[in-house]
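Inside the fold
Residues per chain are reported as follows:
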Number of protein chains: 6
Amino acid sequence: MPYVNIRVTDEGVTPEQKAALIRGVTDLLVDVLDKNPATTHVVIDEVPVDNWGVAGLTFEEYLKAH
Amino acid sequence: MPYVNIRVTDEGVTPEQKAALIRGVTDLLVDVLDKNPATTHVVIDEVPVDNWGVAGLTFEEYLKAH
Amino acid sequence: MPYVNIRVTDEGVTPEQKAALIRGVTDLLVDVLDKNPATTHVVIDEVPVDNWGVAGLTFEEYLKAH
Amino acid sequence: MPYVNIRVTDEGVTPEQKAALIRGVTDLLVDVLDKNPATTHVVIDEVPVDNWGVAGLTFEEYLKAH
Amino acid sequence: MPYVNIRVTDEGVTPEQKAALIRGVTDLLVDVLDKNPATTHVVIDEVPVDNWGVAGLTFEEYLKAH
Amino acid sequence: MPYVNIRVTDEGVTPEQKAALIRGVTDLLVDVLDKNPATTHVVIDEVPVDNWGVAGLTFEEYLKAH
C-alpha cells in the first residue's frame, strides 16, 4: 500500500514526464519491495519556484549563486 | 490537536462539498477520539488529474482501463 | 482516488478507534464526493506529544495554560 | 537534512514574505539544531481559503464567527 | 530540488531495500527531469499496519478480504 | 491558520530544542505574516537516519562522502 509524493519545482513538467515518473516509481516499489501496483499511488506536486527555498535562499537566488 | 489532509483529484469539488468534508471529518474526530474541534484543522488538496497515478498508470489511463 | 492523512497526538489511540476513523473517513468521501472506496487510502500518524506545538507552546504547556 | 513544509491560507503572500520565511526557518534550524543550511529545504504551500477548515467550519465561516 | 516522500506499511523494510529505493528514485528524477541529485531528498515513512486503511478496512482486514 | 511540518533526521533532538523550534517558527509566522498564534500548529517529525536519502545516498553514506 505505498503512497509516494513527489514534490518538484513547477518548471513545465510535461504529461509524458509525469507518466514516466508514475510508472518508474511504481516499478521500483514492485521490484524492491514486491508491492502490489494496484494499491500503489503516486502524487506529483508542482511547487511554484517562489515557494521553494534551499540554503536560506529562494530557488532563484540559489540558482544565481550556484 | 488533529491535522487532517484530504487529497483528491481536482474534478470540480464545490464549496458545499468542501464544507461537508470539513464538518464531517471534524465530527468524526470528536466522536471517535473526543478531540477539541477548536484545534482541529482540515486541509483539502485538489490534485490535477495528470499528477495522480495508480497501478503505474496516470489517472486517465487508469479510468480507461477500469 | 483520495488519500487522507490524519495526524493526532500519540495518546493511546486503540485499534478499534483507528478502524473507526478509517471507516468513517472512507464513508464520508463516498457520501460527499462519490469516491470509490477501493482506491481510498487513510493513513493515521501518531505524533509524540513533545513534537506537537500550538500557539507557540508545546502540547503539554498548552494543556496547562488552557 | 531538514525539510520544512509551511502551509498557509492563500491570501496574497508576497515574494519578499516568502523569502523572509525561507531565511527565518533556515536560520532557526541552524541556530537550534546546528543543521547545514545547504541541505535545508523549505517549501511553502498556499492553500485556497475554501480548502482550509478549523473547528468544523470553513475558514470564512470561522473568521465571521470570531 | 525534488523532495520525495515514500510511505509504506511497516513490514520489515531492510536497510538495503531503503538504499535501493533512495538510489532508484533519485536516478529516476535525474533521468526523467534532469534534476540535480545533490538537492534531491528522499524520505521513507514506515507506517504501522494498524494505521493504514484502504477500502474502509484496516490493512489486516483488507488482506484477509483479498 | 498555518500548519508547519518540520522533518529532521532522528539524532537526539531534546525537548528544549523542540520547544525552541515551536516557539521560533510561530514567532516567525506572526512577524512575517501577522498570523494568529492560537491557530498556528507546528509538528516535528524525527526520521530514522536509515530512512533519509540525499544525492542518491543514504544519510550515513552521504556523511562519509562529505
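Residues numbered from 1 in each chain as written. Chains lettered and ligands numbered in written order. Predicted model: local features only at pLDDT ≥ 70, side-chain atom pairs only at ≥ 80, totals over all residues. Heavy atoms only, no water.

- An unreviewed UniProt entry lists chain A under the name Tautomerase, from Nocardioides marmorisolisilvae.

**Topic: the sheet that holds strand β1 (residues 3–9) of chain E**
- Here we have eight strands laid out as an open sheet, ordered β4(B)-β3(B)-β2(A)-β1(A)-β1(E)-β2(E)-β3(F)-β4(F), and mixed in their pairing. The open sheet terminates on both sides in strands that have one partner only, identified here as β4 (57–58) of chain B together with β4 (57–58) of chain F.
- Sitting on the sheet, helix α1 (residues 15–33) of chain A touches β1 (3–9) and β2 (41–47) of chain A, β3 (52–54) and β4 of chain B together with β1 of chain E, and the angle it makes with β2(A) is about 140°.
- The strands touched by helix α1 (residues 15–33) of chain E within the sheet are β1 of chain A, β1 and β2 (41–47) of chain E together with β3 (52–54) and β4 of chain F, with β2(E) carrying the most contacts at an inclination of about 140°. (Pairing = 2+ DSSP bridges. Helix = DSSP H or I, 4+ residues; strand = E, 2+ residues; numbered from the N terminus. Contact = heavy atoms within 4.5 Å. Axes fitted to C-alpha atoms, helices over the stretch in contact; angles between N-to-C directions.)

**What to know about the relation of the copies chain B and chain C**
- Each copy superposes on the other: chain B lies on chain C with an RMSD of 0.0 Å after a rotation of 180° and an axial shift of 0.0 Å. Taken together, these values place the two copies in the relation of a two-fold axis. Among all residues of chain B, the one whose C-alpha sits closest to the rotation axis is Asn5(B), at a distance of 2.6 Å. (Least-squares fit on C-alpha atoms with pLDDT ≥ 70 in both.)

**Some thoughts on empty space enclosed by the protein**
- Under the criterion given, the structure shown has one cavity of 30 Å³ or more.
- Estimated volume of the largest cavity: approximately 390 Å³.
- In terms of lining residues, the largest cavity is bounded by 24 residues, among which Asn5(B), Asn5(C), Asn5(D), Asn5(E) and Asn5(F) are the most central.
- Sorting the residues of the lining of the largest cavity by element identifies β1 of chain A, β1 (3–9) of chain B, β1 (3–9) of chain C, β1 (3–9) of chain D, β1 of chain E together with β1 (3–9) of chain F as the ones contributing at least two each.
- Looking at the lining of the largest cavity residue by residue, the classes come out as six nonpolar, six polar and twelve charged. (1 Å grid on protein atoms, 1.4 Å probe; cavity = no way out; pocket = protein on both sides within 12 Å on 5 of 7 lines; lining within 4 Å. Points joined across faces, edges and corners; volume = space filled by probe spheres on them. Nonpolar A, V, L, I, M, F, W, Y, C, P; charged D, E, K, R; others polar.)

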